[in-house]
Amino acid sequence: MTDAQPSADRRLAAQALAANDPTGWFEPLYAEAAACGAVVPWDRAEPNPLLVDWLTSASIPQGARGLVIGCGYGTDAEFVAARGIRTTAFDISPTAIRGARARFPQSPVTYKVADLLHPPEAWLGAFDLVIESITVQSLPPEIRRAAVTSIQNLLARDATLLVIADIATAPALGPPWPLTADDIGAFTAPDLTPVRIQCLPRPDAPGRHRWRAEFHRPAS
Ligand SMILES: C[S@@+](CC[C@H](N)C(=O)[O-])C[C@H]1O[C@@H](n2cnc3c(N)ncnc32)[C@H](O)[C@@H]1O
(Lines give C-alpha, C1' and ligand atoms only; values in the text may rest on other atoms or scores of the structure.)
Protein backbone atom coordinates (compact mmCIF):
# COMPACT_ATOMS: atom_id res chain seq x y z
CA MET A 1 0.00 0.00 0.00
CA THR A 2 1.29 3.51 -0.83
CA ASP A 3 0.49 6.80 0.88
CA ALA A 4 -2.06 8.96 -0.96
CA GLN A 5 -0.23 11.54 -3.07
CA PRO A 6 -1.26 15.20 -2.74
CA SER A 7 -3.03 16.61 -5.78
CA ALA A 8 -0.83 18.55 -8.21
CA ASP A 9 -2.21 21.92 -7.10
CA ARG A 10 -1.52 21.18 -3.42
CA ARG A 11 1.96 19.84 -4.10
CA LEU A 12 2.98 22.76 -6.34
CA ALA A 13 1.39 25.38 -4.08
CA ALA A 14 3.21 23.99 -1.04
CA GLN A 15 6.53 24.14 -2.90
CA ALA A 16 5.97 27.71 -4.14
CA LEU A 17 4.79 29.00 -0.78
CA ALA A 18 7.79 27.39 0.94
CA ALA A 19 9.99 29.25 -1.55
CA ASN A 20 8.18 32.50 -0.71
CA ASP A 21 6.85 32.69 -4.28
CA PRO A 22 3.07 32.84 -3.75
CA THR A 23 2.17 33.04 -7.42
CA GLY A 24 4.85 30.56 -8.48
CA TRP A 25 2.63 27.49 -8.63
CA PHE A 26 0.06 28.51 -11.22
CA GLU A 27 2.24 28.15 -14.31
CA PRO A 28 3.70 24.76 -13.22
CA LEU A 29 0.16 23.52 -12.55
CA TYR A 30 -1.11 24.55 -15.99
CA ALA A 31 2.10 23.13 -17.53
CA GLU A 32 1.51 19.77 -15.79
CA ALA A 33 -2.09 19.84 -16.93
CA ALA A 34 -0.97 20.42 -20.52
CA ALA A 35 1.80 17.81 -20.36
CA CYS A 36 0.20 14.99 -18.42
CA GLY A 37 -3.38 15.84 -17.51
CA ALA A 38 -2.96 17.23 -13.96
CA VAL A 39 -6.27 18.57 -12.72
CA VAL A 40 -6.80 22.35 -12.65
CA PRO A 41 -9.42 22.29 -9.90
CA TRP A 42 -11.20 25.54 -10.80
CA ASP A 43 -11.55 24.72 -14.51
CA ARG A 44 -15.17 24.53 -15.67
CA ALA A 45 -16.81 23.88 -19.02
CA GLU A 46 -19.53 26.42 -18.21
CA PRO A 47 -19.18 30.03 -17.04
CA ASN A 48 -19.57 30.76 -13.35
CA PRO A 49 -23.35 30.74 -12.71
CA LEU A 50 -23.08 33.66 -10.26
CA LEU A 51 -21.45 35.70 -13.04
CA VAL A 52 -24.00 34.55 -15.63
CA ASP A 53 -26.93 35.46 -13.40
CA TRP A 54 -25.45 38.87 -12.55
CA LEU A 55 -24.36 39.91 -16.03
CA THR A 56 -27.63 38.77 -17.61
CA SER A 57 -29.52 41.38 -15.61
CA ALA A 58 -26.79 44.05 -15.20
CA SER A 59 -27.01 47.19 -17.30
CA ILE A 60 -23.52 47.17 -18.77
CA PRO A 61 -23.63 48.97 -22.13
CA GLN A 62 -22.68 47.19 -25.35
CA GLY A 63 -19.11 48.01 -26.27
CA ALA A 64 -18.04 48.65 -22.68
CA ARG A 65 -14.42 47.73 -21.99
CA GLY A 66 -14.27 44.63 -19.80
CA LEU A 67 -11.38 42.96 -18.00
CA VAL A 68 -11.41 39.42 -16.59
CA ILE A 69 -8.73 38.82 -13.95
CA GLY A 70 -7.01 35.43 -13.61
CA CYS A 71 -9.00 34.10 -16.56
CA GLY A 72 -7.45 30.63 -16.72
CA TYR A 73 -8.76 28.85 -19.84
CA GLY A 74 -11.20 31.67 -20.58
CA THR A 75 -14.68 30.25 -19.96
CA ASP A 76 -15.91 33.32 -18.04
CA ALA A 77 -14.19 35.74 -20.44
CA GLU A 78 -15.97 34.17 -23.41
CA PHE A 79 -19.31 34.63 -21.68
CA VAL A 80 -18.53 38.29 -20.94
CA ALA A 81 -17.51 38.89 -24.56
CA ALA A 82 -20.67 37.18 -25.81
CA ARG A 83 -22.68 39.85 -23.96
CA GLY A 84 -21.23 42.51 -26.28
CA ILE A 85 -18.47 43.66 -23.95
CA ARG A 86 -15.05 44.37 -25.50
CA THR A 87 -13.18 41.91 -23.34
CA THR A 88 -9.56 41.62 -22.31
CA ALA A 89 -8.69 38.65 -20.10
CA PHE A 90 -5.38 37.89 -18.48
CA ASP A 91 -3.59 35.30 -16.44
CA ILE A 92 -0.13 35.04 -14.93
CA SER A 93 0.27 31.63 -16.56
CA PRO A 94 1.39 31.64 -20.22
CA THR A 95 0.24 28.02 -20.52
CA ALA A 96 -3.26 28.97 -19.35
CA ILE A 97 -3.40 31.76 -21.92
CA ARG A 98 -2.23 29.40 -24.67
CA GLY A 99 -4.93 27.00 -23.49
CA ALA A 100 -7.61 29.70 -23.66
CA ARG A 101 -6.60 30.65 -27.20
CA ALA A 102 -6.61 26.98 -28.22
CA ARG A 103 -9.97 26.29 -26.58
CA PHE A 104 -11.59 29.34 -28.23
CA PRO A 105 -9.75 29.82 -31.54
CA GLN A 106 -12.42 32.20 -32.96
CA SER A 107 -12.58 34.24 -29.78
CA PRO A 108 -13.21 37.99 -29.76
CA VAL A 109 -11.42 38.14 -26.37
CA THR A 110 -7.96 39.71 -26.18
CA TYR A 111 -6.04 37.21 -24.05
CA LYS A 112 -2.85 38.44 -22.37
CA VAL A 113 -0.23 37.12 -19.99
CA ALA A 114 0.03 39.64 -17.15
CA ASP A 115 0.50 39.81 -13.39
CA LEU A 116 -2.30 41.41 -11.39
CA LEU A 117 0.30 42.70 -8.95
CA HIS A 118 2.15 44.51 -11.78
CA PRO A 119 -0.44 45.27 -14.47
CA PRO A 120 0.51 47.04 -17.70
CA GLU A 121 0.39 50.82 -17.28
CA ALA A 122 -2.01 51.14 -20.20
CA TRP A 123 -4.63 49.25 -18.17
CA LEU A 124 -4.75 51.73 -15.30
CA GLY A 125 -8.15 53.42 -15.22
CA ALA A 126 -8.99 51.74 -18.54
CA PHE A 127 -11.94 49.40 -17.87
CA ASP A 128 -15.69 49.95 -17.48
CA LEU A 129 -16.23 46.47 -16.03
CA VAL A 130 -13.71 44.44 -14.05
CA ILE A 131 -14.50 40.84 -13.08
CA GLU A 132 -12.59 39.29 -10.21
CA SER A 133 -13.60 35.68 -9.54
CA ILE A 134 -11.68 33.70 -6.88
CA THR A 135 -8.23 34.96 -7.86
CA VAL A 136 -7.68 37.24 -4.84
CA GLN A 137 -8.46 34.32 -2.53
CA SER A 138 -5.81 32.25 -4.29
CA LEU A 139 -3.17 34.72 -3.03
CA PRO A 140 -1.94 34.68 0.59
CA PRO A 141 -3.39 37.30 2.95
CA GLU A 142 -0.02 39.13 3.11
CA ILE A 143 -0.37 40.24 -0.52
CA ARG A 144 -4.14 40.66 -0.58
CA ARG A 145 -4.01 44.42 0.03
CA ALA A 146 -1.68 44.85 -2.94
CA ALA A 147 -3.96 42.74 -5.12
CA VAL A 148 -7.07 44.70 -4.10
CA THR A 149 -5.36 48.05 -4.70
CA SER A 150 -4.24 46.86 -8.09
CA ILE A 151 -7.82 45.85 -8.98
CA GLN A 152 -9.17 49.23 -7.85
CA ASN A 153 -6.62 50.97 -10.08
CA LEU A 154 -7.92 49.21 -13.21
CA LEU A 155 -11.35 50.84 -13.08
CA ALA A 156 -12.26 53.80 -15.26
CA ARG A 157 -14.73 56.44 -14.09
CA ASP A 158 -18.35 55.27 -14.07
CA ALA A 159 -17.12 51.67 -13.91
CA THR A 160 -18.31 48.50 -12.19
CA LEU A 161 -16.30 45.93 -10.26
CA LEU A 162 -17.74 42.47 -9.64
CA VAL A 163 -16.07 40.29 -7.00
CA ILE A 164 -16.92 36.62 -6.51
CA ALA A 165 -15.23 34.76 -3.66
CA ASP A 166 -15.60 31.90 -1.24
CA ILE A 167 -16.68 32.86 2.26
CA ALA A 168 -14.33 32.51 5.21
CA THR A 169 -15.91 31.28 8.40
CA ALA A 170 -12.59 30.53 10.11
CA PRO A 171 -8.93 31.26 9.31
CA ALA A 172 -7.94 28.99 6.46
CA LEU A 173 -4.69 27.15 5.88
CA GLY A 174 -4.79 28.07 2.21
CA PRO A 175 -4.67 28.07 -0.63
CA PRO A 176 -7.34 29.14 -1.03
CA TRP A 177 -7.82 31.83 1.57
CA PRO A 178 -11.56 32.62 1.37
CA LEU A 179 -12.65 36.16 2.17
CA THR A 180 -14.30 37.48 5.31
CA ALA A 181 -16.92 40.24 5.26
CA ASP A 182 -14.12 42.68 6.16
CA ASP A 183 -12.02 41.42 3.24
CA ILE A 184 -14.95 42.05 0.88
CA GLY A 185 -15.50 45.46 2.45
CA ALA A 186 -11.84 46.29 1.77
CA PHE A 187 -12.61 46.64 -1.95
CA THR A 188 -14.42 49.85 -0.98
CA ALA A 189 -12.49 53.10 -1.43
CA PRO A 190 -13.41 56.80 -1.31
CA ASP A 191 -14.12 56.57 -5.05
CA LEU A 192 -15.40 52.97 -5.11
CA THR A 193 -18.77 52.38 -3.49
CA PRO A 194 -20.42 49.06 -2.62
CA VAL A 195 -23.66 48.65 -4.58
CA ARG A 196 -24.72 45.20 -3.40
CA ILE A 197 -22.89 42.61 -1.32
CA GLN A 198 -24.59 39.23 -1.33
CA CYS A 199 -23.94 35.82 0.16
CA LEU A 200 -25.47 33.45 -2.37
CA PRO A 201 -25.92 29.71 -2.69
CA ARG A 202 -23.76 28.20 -5.42
CA PRO A 203 -25.90 26.62 -8.14
CA ASP A 204 -22.86 24.55 -9.15
CA ALA A 205 -22.05 23.32 -5.60
CA PRO A 206 -25.17 22.55 -3.56
CA GLY A 207 -24.89 23.49 0.11
CA ARG A 208 -22.05 25.96 -0.48
CA HIS A 209 -22.19 29.75 -0.69
CA ARG A 210 -20.09 32.53 -2.20
CA TRP A 211 -19.82 36.28 -1.96
CA ARG A 212 -21.00 38.21 -4.96
CA ALA A 213 -20.16 41.86 -4.47
CA GLU A 214 -20.71 44.75 -6.86
CA PHE A 215 -18.91 48.09 -6.54
CA HIS A 216 -19.22 51.28 -8.55
CA ARG A 217 -16.80 54.09 -9.30
CA PRO A 218 -18.76 57.30 -9.89
CA ALA A 219 -18.52 59.20 -13.15
CA SER A 220 -16.94 62.19 -11.44
C1 LIG B 1 -8.34 30.10 -8.45
S2 LIG B 1 -8.03 30.41 -10.12
C3 LIG B 1 -9.52 31.26 -10.64
C4 LIG B 1 -9.76 31.16 -12.12
C5 LIG B 1 -11.03 31.87 -12.59
N6 LIG B 1 -10.97 33.31 -12.34
C7 LIG B 1 -12.28 31.28 -11.97
O8 LIG B 1 -13.10 32.02 -11.44
O9 LIG B 1 -12.44 30.07 -12.06
C10 LIG B 1 -6.87 31.76 -10.06
C11 LIG B 1 -6.35 32.12 -11.44
O12 LIG B 1 -5.64 33.34 -11.33
C13 LIG B 1 -4.37 33.22 -11.92
N14 LIG B 1 -3.50 34.10 -11.14
C15 LIG B 1 -3.00 33.91 -9.90
N16 LIG B 1 -2.27 34.95 -9.51
C17 LIG B 1 -2.31 35.84 -10.53
C18 LIG B 1 -1.74 37.11 -10.72
N19 LIG B 1 -0.96 37.68 -9.79
N20 LIG B 1 -1.97 37.74 -11.89
C21 LIG B 1 -2.75 37.16 -12.85
N22 LIG B 1 -3.30 35.96 -12.72
C23 LIG B 1 -3.09 35.30 -11.56
C24 LIG B 1 -4.03 31.75 -11.84
O25 LIG B 1 -3.10 31.34 -12.81
C26 LIG B 1 -5.40 31.11 -12.02
O27 LIG B 1 -5.70 30.90 -13.37
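Residues numbered from 1 in each chain as written. Predicted model: local features only at pLDDT ≥ 70, side-chain atom pairs only at ≥ 80, totals over all residues. Heavy atoms only, no water.

### A short note on the packing of helix 3 (residues 49-57) against helix 4 (residues 75-82)
The condition is simple: Only the stretch in contact is used when fitting a helix axis, every axis being a line fitted to C-alpha atoms; angles between N-to-C directions are given from 0 to 180 degrees. Secondary structure follows DSSP: runs of H or I at least 4 residues long count as helices, runs of E at least 2 residues long count as strands, and numbering of each begins at the N terminus. Roughly parallel refers to an angle under 35 degrees, roughly antiparallel to one over 145, roughly perpendicular to one between 65 and 115, and oblique to any angle outside these ranges. A crossing counts as left-handed when the near helix is turned anticlockwise from the far one by less than a right angle, and as right-handed when that turn is clockwise. Whether two residues touch is decided by their heavy atoms; if any such pair falls within 4.5 Å, the residues are in contact. By the convention adopted, Pro, Cys, Tyr, Trp, Phe, Met, Ile, Leu, Val and Ala count as nonpolar, Lys, Arg, Asp and Glu as charged, and the other residues, Gly among them, as polar.
Following both chains from N to C, one finds helix 3 and helix 4 inclined at 15°, their axes separated by 11 Å at the closest point. In terms of axis orientation, helix 3 runs roughly parallel to helix 4. For the crossing formed where helix 3 meets helix 4, the hand is right-handed. From helix 3, Leu51, Val52, Leu55 and Thr56 reach across to helix 4, where they touch Asp76, Phe79 and Val80. Split by residue class, the contact of helix 3 with helix 4 holds five nonpolar, one polar and one charged.

### Looking at the site of the ligand
Which entries qualify depends on this criterion: Neighbouring residues are identified by heavy atoms, a residue being near a molecule or strand if any of them is within 4 Å of it. Under this definition, polar contacts are N or O atom pairs within 3.5 Å; protein pairs additionally need one hydrogen-donor-capable and one acceptor-capable atom, and for neighbouring residues in sequence, both atoms have to be side-chain atoms. Using a 1.4 Å probe, the Shrake-Rupley method yields the accessible areas, and only the shown protein chains count as cover for residues.
Close to the ligand lie 20 residues, the nearest being Tyr30, Asp91, Asp115, Leu116 and Ser133. Contact between the ligand and Tyr30: an oxygen atom at 2.6 Å from a side-chain N or O atom of the residue. In this structure, a nitrogen atom belonging to the ligand sits 2.8 Å away from a side-chain N or O atom of Asp115. Protein contacts shield 96% of the accessible area of the ligand, which totals 590 Å² for the unbound molecule. When its residues are assigned to classes, the shell around the ligand shows 10 nonpolar, six polar and four charged.

Nothing here speaks to function; it is all geometry.
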